[in-house]
Each structure stands twice: as structure tokens, then as C-alpha cells.
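# Topology and contacts: notes
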Amino acid sequence: RERTRRVDHVSPLQAKLWQGLASRVPHVWLNGPSPGADRIPNQLNLGIEFIEGEGLALLLDMQGISVASGTACVSKALEPSYVLSAIGVDRSLAVGSILISLGYHNTPAGVDFTVDQCVKQVEKLRNMSPTWDELRQGRVDPATPEWQA
């Protein structure tokens, strides 16, 4: 009975969340189709390179934002999600994946807060990453076959 109303509520929030993250977090990828008719409107599964999703989930939790690392069917193993592997997501993106769910109580202001905190916490994690440092200094090119291997 409430599906249409809920879809109408979360669809613009999902688009706002993705646009905010895509514009402010370098090397972030959407797992699955873009927000719109081909995507369930209440979730975003993102791959964020040069971090681990579990670390980001913990840091966001400390800010009052609940996300999951991996997929909706995540296991207790620290291996990449079999669902992400099955759809061809590279291991480096799969371990940096988080799942963000949206619902009835989410607001545009809450999405803005989530984007701001994701930017801040991804930066914090990347500043601890030697690979991120090498990339910033131009010693690594993620587009090269050697990096992708």
C-alpha cells in the first residue's frame, strides 16, 4: 500500500546521495545500475578504492551513520562478497564496498550529513594508505595493466 509513496520519498534521496559522493570522493564506483528505473530506490552499493569497507563502516558508525560493508547478504568472512564477485566487481573494489540503505525516516539534510561524513572518513582512511600515497605522488597508475593485475 505504501510502496509508491516510499519510492517517491527515497528515489530523490538516492540520486542526491550518489551525486554527492560521486562528485566529492575520487575513485568511487557504483555497483549496479545508476539511480533510476533500473535500480531499487532504497539502496546504494558503492566500491571505494584504496580503503576497506569495514573500516569505513566503523568510522561512520561512530558518527551515527549505519552502513554495511559488502552486500545485503554479507557473511562474517573478511572475503569479498560472492555477489559482488559474481557481477564482476574487482576484488580491490569489493573489499572497499559499503551498502547504504535509505528509508522512510531519511531526509535531504541527513543525506548531506552522510556525504560530508563519507568524504571525511574516506580521506582519513586513505591518509593511512601507502597505496593512496603512491597514487597521489604519481608513482602508481591504476589504469595500467600492472596495477589492475
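Everything below is about the structure printed above this text.
Below, the structure is looked at part by part. Please read these numbers as outputs of a predicted model, since none were measured by experiment. (Residues numbered from 1 in each chain as written. Predicted model: local features only at pLDDT ≥ 70, side-chain atom pairs only at ≥ 80, totals over all residues. Heavy atoms only, no water.)

### Quick look at the overall build of the chain
Helix and strand content of the chain: seven helices and four strands. Counting from the amino terminus, the chain carries its helices and strands in the arrangement α-β-β-α-β-α-α-β-α-α-α. Every one of the 149 residues in the chain was classed for burial, and the buried ones make up 39%. For the chain, contacts bridging at least 24 residues in sequence account for 69% of all contacts bridging at least 6. Counting every atom, the chain has about 8,900 Å² of accessible surface; 53% of that belongs to carbon and sulfur. (Helix = DSSP H or I, 4+ residues; strand = E, 2+ residues; numbered from the N terminus. Buried < 20%, exposed > 50% of the residue type's maximum accessible area, 1.4 Å probe, protein only. Contact = heavy atoms within 4.5 Å. Areas by Shrake-Rupley, 256 points an atom, 1.4 Å probe, with all protein chains shown as cover.)

### Section: the sheet that holds strand S1 (residues 28-30)
Pairing is antiparallel in the open sheet, where four strands are placed in the order S1-S2-S4-S3. At either margin of the open sheet sits one strand with a lone partner, and together these are S1 and strand S3 (68-69). With three bridges joining them, S1 and strand S2 (residues 43-48) adopt antiparallel strand pairing. Following the sheet pairing, tryptophan 29 is matched in S2 by glycine 47. Packing against the sheet, helix H1 (residues 3-24) makes contact with S1, S2 and strand S4 (97-101), and its axis sits at approximately 10° to S2. Contacting S2, S3 and S4, helix H2 (residues 53-61) runs over the sheet at an angle of about 40° to S4. (Pairing = 2+ DSSP bridges. Axes fitted to C-alpha atoms, helices over the stretch in contact; angles between N-to-C directions.)

### As for the pairing of S4
Most of S4 sits out of view: four of its five residues are buried. Summarising the sheet, S2 and S4 pair through five bridges and their orientation is antiparallel. Across the sheet, residue asparagine 45 finds its bridge partner in S4, namely leucine 99.

### Section: the nonpolar core
Counting 27 residues, the largest nonpolar core has Leu17, Leu21, Leu46, Ile48 and Leu56 as its most contacted members. For this core, the secondary-structure elements that each account for two or more residues are H1, S1, S2, H2, S4 and helix H5 (108-126). (Core = buried A, V, L, I, M, F, W, Y, C linked by side-chain atoms within 4.5 Å.)

### Re the pattern of salt bridges
Pairs can form between side chains of opposite charge once their charged atoms are near each other. All told, the structure shown has five salt bridges when counted by the stated rule. In this structure, the salt-bridge partner of arginine 136 is aspartate 133, at a minimum N-O distance of 3.5 Å. Of this pair, arginine 136 and aspartate 133 both sit in helix H6 (residues 130-136), three residues apart, roughly one helical turn. One network of salt bridges, with partners in common, ties together Glu2, Arg5 and Arg6. (Salt bridge = Lys/Arg side-chain N within 4 Å of Asp/Glu carboxyl O.)

### Focus on the packing of aromatic side chains
One pass over the full model with this rule turns up one aromatic pair. Note on phenylalanine 50 and tryptophan 132: the rings are 5.3 Å apart at their centroids and 55° apart in plane angle, and the pair reads as tilted. Placement of the pair is phenylalanine 50 in the loop between S2 and H2 and tryptophan 132 in helix H6, with a sequence separation of 82 residues. Side by side, phenylalanine 50 and tryptophan 132 carry an identical accessibility label, which is buried. Here the guanidinium or amino end of arginine 126 rests over the ring plane of tryptophan 132, the centre of that ring lying 4.3 Å away. (Phe/Tyr/Trp six-rings, centres within 6.5 Å; stacked < 30°, edge-to-face > 60°. Lys NZ or Arg CZ within 6 Å of the ring centre and 35° of its normal.)

### Section: the side chain of serine 69
You can see serine 69 is positioned in strand S3. Separated by 2.8 Å, the side chains of serine 69 and glutamate 54 make a polar contact. (Polar contact = N/O pair within 3.5 Å; in protein donor to acceptor, adjacent residues only side chain to side chain.)

### Description of unusual backbone geometry
With phi around 60°, histidine 27 is a residue other than glycine that occupies positive phi space. Tracing the chain through its elements places histidine 27 in the loop between H1 and S1. A positive phi angle, close to 70°, is found at phenylalanine 50, a residue other than glycine. You can call phenylalanine 50 buried: its relative accessible area is 12%.

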